[in-house]
Structures are given as C-alpha cells and as structure tokens.
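Fold and contact review
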Amino acid sequence: MMGSPIVAETIARDGFAAVVLDAQHGLWDTSSLIAGVGAVHHAGSAPMVRVPLAAFDMVSRALDFGAEAVIAPMINNVADARQFALAAKYPPLGERSFGPPRALMLQGQFAATDYLTAANDGTLTLAMIETPEALSNAEAIAATPGIDALFIGPYDLATSLSAGKAQDVNAPEVDKAIDKIRDAALKAGKIPGIYCRDAERAVDMAKRGFRFLTVGSDFSAVRDSVAASMKTLAVTRANTKDPF
Ligand code: 3PY
Ligand code: MG
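The rules we used
- Residues numbered from 1 in each chain as written.
- Chains lettered and ligands numbered in written order.
- Predicted model: local features only at pLDDT ≥ 70, side-chain atom pairs only at ≥ 80, totals over all residues.
- Heavy atoms only, no water.
- Near = heavy atom within 4 Å.
- Polar contact = N/O pair within 3.5 Å; in protein donor to acceptor, adjacent residues only side chain to side chain.
- Areas by Shrake-Rupley, 256 points an atom, 1.4 Å probe, with all protein chains shown as cover.
- Nonpolar A, V, L, I, M, F, W, Y, C, P; charged D, E, K, R; others polar.
- Pairing = 2+ DSSP bridges.
- Helix = DSSP H or I, 4+ residues; strand = E, 2+ residues; numbered from the N terminus.
- Axes fitted to C-alpha atoms, helices over the stretch in contact; angles between N-to-C directions.
- Core = buried A, V, L, I, M, F, W, Y, C linked by side-chain atoms within 4.5 Å.
- Buried < 20%, exposed > 50% of the residue type's maximum accessible area, 1.4 Å probe, protein only.
- Contact = heavy atoms within 4.5 Å.
- Parallel < 35°, antiparallel > 145°, perpendicular 65-115°, else oblique.
- Left-handed = near helix turned anticlockwise from the far one by under 90°.
- Phe/Tyr/Trp six-rings, centres within 6.5 Å; stacked < 30°, edge-to-face > 60°.
- Donors = N, O, S within 2.8 Å, 3.2 Å for Na, K, Ca; no water.
- Right-handed = clockwise from strand over helix to strand, strands pointing away.

1. Some words on the site of ligand 1
In the vicinity of ligand 1, the contacting residues are R50, M128, E130, G153, P154, Y155, D156 and Y195. The side chain of E130 places a nitrogen or oxygen atom 3.0 Å from an oxygen atom of ligand 1. Take Y155: an N or O atom from its main chain is 2.8 Å from an oxygen atom of ligand 1. Bound to the protein, ligand 1 loses 97% of the 230 Å² it would expose on its own. A breakdown of the residues in the shell around ligand 1 according to their chemical character gives four nonpolar, one polar and three charged.

2. Considering the sheet that holds strand β4 (residues 124-129)
Read from one edge to the other, the open sheet built from seven strands follows the order β1-β2-β3-β4-β5-β6-β7, with strand pairing classed as parallel. The sheet is open, and its two edges are formed by β1 (18-22) and β7 (212-215), each paired on a single side. Across the sheet, the axes of successive neighbouring strands diverge by a mean angle of 25°, strand direction being ignored. Of the pairings in the sheet, the one linking strand β3 (residues 69-72) to β4 comprises four bridges and is parallel in character. When the sheet's bridge partners are listed, I71 is paired in β4 with L126.

3. Some points on the nonpolar core
Judged by nonpolar contacts, the single largest core of 70 residues is most densely connected at L21, F84 and L150. The element best represented in this core is helix α10 (residues 172-187), accounting for six residues. Sequence-distant contacts of L150, defined by excluding residues within four places in its chain, comprise A127, I129, A138, I141, A142, I181, A184, A185, I191, P192 and G193.

4. Some details on the environment of P101
By the element assignment, P101 lies in helix α5 (residues 101-106). When the C-alpha positions of P101 and D64 are compared, they lie 7.0 Å apart, and in sequence the two are 37 residues distant.

5. Here we look at the packing of helix α1 (residues 5-13) against helix α2 (residues 30-42)
For the pair α1 and α2, the least separation of the axes is 8 Å and the interaxial angle reads 20°. Compared by their axis directions, α1 and α2 come out roughly parallel. Both α1 and α2 take part in a crossing whose hand is right-handed. In this structure, α1 uses P5, A8, E9, A12 and R13 to contact α2, whose residues at the interface are S32, A35, G36, A39, V40 and H42. A breakdown of the residues in the contact of α1 with α2 according to their chemical character gives six nonpolar, three polar and two charged.

6. Thoughts on the packing of aromatic side chains
This structure, assessed with the given rule, holds four aromatic pairs. Between the aromatic rings of Y90 and Y115, the centroid separation amounts to 6.3 Å while the plane-to-plane angle is 80°, which identifies the pairing as edge-to-face. Of this pair, Y90 sits in the loop between α4 (78-88) and α5 while Y115 is found in helix α6 (residues 112-122), placing the two residues 25 residues apart along the sequence. Taken together, the aromatic side chains of Y90, F98 and Y115 make up a single cluster linked through ring pairs.

7. Quick notes on the coordination of the magnesium ion (ligand 2)
Protein coordination at the magnesium ion (ligand 2) comes from E130 (OE) and D156 (OD), with a distance range of 2.1 Å. Highlighted residues: E130 in the loop between β4 and α7 (132-136) and D156 in helix α9 (residues 154-161), separated in sequence by 26 residues. With a relative accessible area of 2%, E130 lands in the buried category. According to the relative accessible area criterion, D156 is partly exposed, its value standing at 27%.

8. Considerations on the pairing of strand β2 (residues 46-50)
Taking burial as the measure, the five residues of β2 include five buried ones, the bulk of the element. Here β2 shows no split at all, with A46, M48 and R50 on one side and P47 and V49 on the other all buried. As judged from the five bridges shared by β1 and β2, these two strands associate in the parallel manner. The residue bridging A18 from the neighbouring strand is A46, located in β2. Taken together, β1, α2 and β2 form a β-α-β motif whose crossover is right-handed. Pairing analysis gives three bridges linking β2 to β3, with the strands arranged parallel. For R50, the partnering residue across the bridge sits in β3 and is I71.

On their own, these measurements won't tell you what the molecule is for.
Structure below.
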C-alpha cells in the first residue's frame, strides 16, 4: 500500500508467492507501479495489481506493465464482471488490446505470439465480492467467462451488511456471506480468495478452503513491528489494529 517498489520487493524477497500492489487504496501512481511490478518480478514473486474502482483501462495497463494478476474492486454483477474480463483477456475470451512490451521483457518472451497465446491462462482476474449486490450475484459472477477467482473484501462487506455501523469481519452475517462466496467460486471451478488482516486469520481461512489469501499489508507490518518494539521499551501507545 505504501507505493514503494523497494518495500514491495522486500516483501517479495521474504518468500511470498505473490505481492499485491494496491492502486485502489494504496499510494501507487503509474510510475511507481511500473517500477514496483518489475521489482516484485525480479525478486521471484508474482506481481499482482489491484486497480482503482471501475478503472477498467488500468486492467490491461497493469497487465502490460507485467502484472500476473489483476484484482478489480466492487464487481457487483455480471455486467461488471464481463467488463473486467473483456479488458483483461485477449480474443476470443475478451477484447484486451495488444501491446505488452514490458510484460514480454519481464517474462523473457521474445515472440509476441507466445505471450498472446499464454496470457489468457497465464494472467488471472480476481473479482472482488464486497457488497450485498455482489453477494447475491456471486454465483453468476463466478460463472462469467474470463473471471478466474472471487476475492472477498470482508471490511467493505461488513461495512455494507451493517449499514455503515460496524467493521466486524467476524459478525455472523459476514461469516455466512464468506462461506456463500467461497461455495460460489468452487461451484464454478474458480479460485476462492479473501483479504486477511493477519497471518492467524489467513491460516483460519485456508482451513475453510480459501486458496488465495492476503496477509496484512506493508503498513500493518511496519506498525505492528513498531508497536512490538514500543511494548518492549515499555512505551505505552495505542495500536489501533485497523484493517490495514
Ligand atoms: C475489503 O476488505 O473491503 C478490502 O477491499 C480489503 O482489501
Ligand atoms: Mg474493499
């Protein structure tokens, strides 16, 4: 989220299979994103990009920069899902425009047609399910051609299901929604994913059948580490434990 290629690379070098560069709520701009995707790739991890809300132009741009997966927030219905897939996938599955020189370079492909034929299967689309509308359309979104995974945003889901009163990701209605979305993904043969604030929750969610799990963020890693040092130093300060 910090928008720093060196921070993203540091996380990648610690052994994560993938690192998400969050251009929705995080601080990435276009040039830092280009550098960040390269840095994560060179560190041996898969660069993924979360694009801003309804920024379908950024979907194919992120892939052209060399992202191996794109996360689109607030995919609420089949029309949103189709728009996302059209931007991400080449014909016949979609309408992605061809022009990935940076992706070709990063992936060591010198024949453009090699990238063209591999890209639809080799790059993933993750549709975020994080509103009541998306929850009711989860099966149809999962079944949309060109959508590879459902990715739950539990904080937006908890916010909307409580009509803006709470962000309790353990509330019974949120918990029920989490199972429903997982089942919708599995029924369509797609990957179930969920954002997790920390490793403990990620382990719990893996046991519940989720296969793509995020584990906090650079902000939470730095703040948790600073809070632990402050505790050892006996300096009392609030650690807010917010979602990020
Ligand atoms: C959410 O929980 O709403 C998210 O988008 C997590 O990144
Ligand atoms: Mg969200």
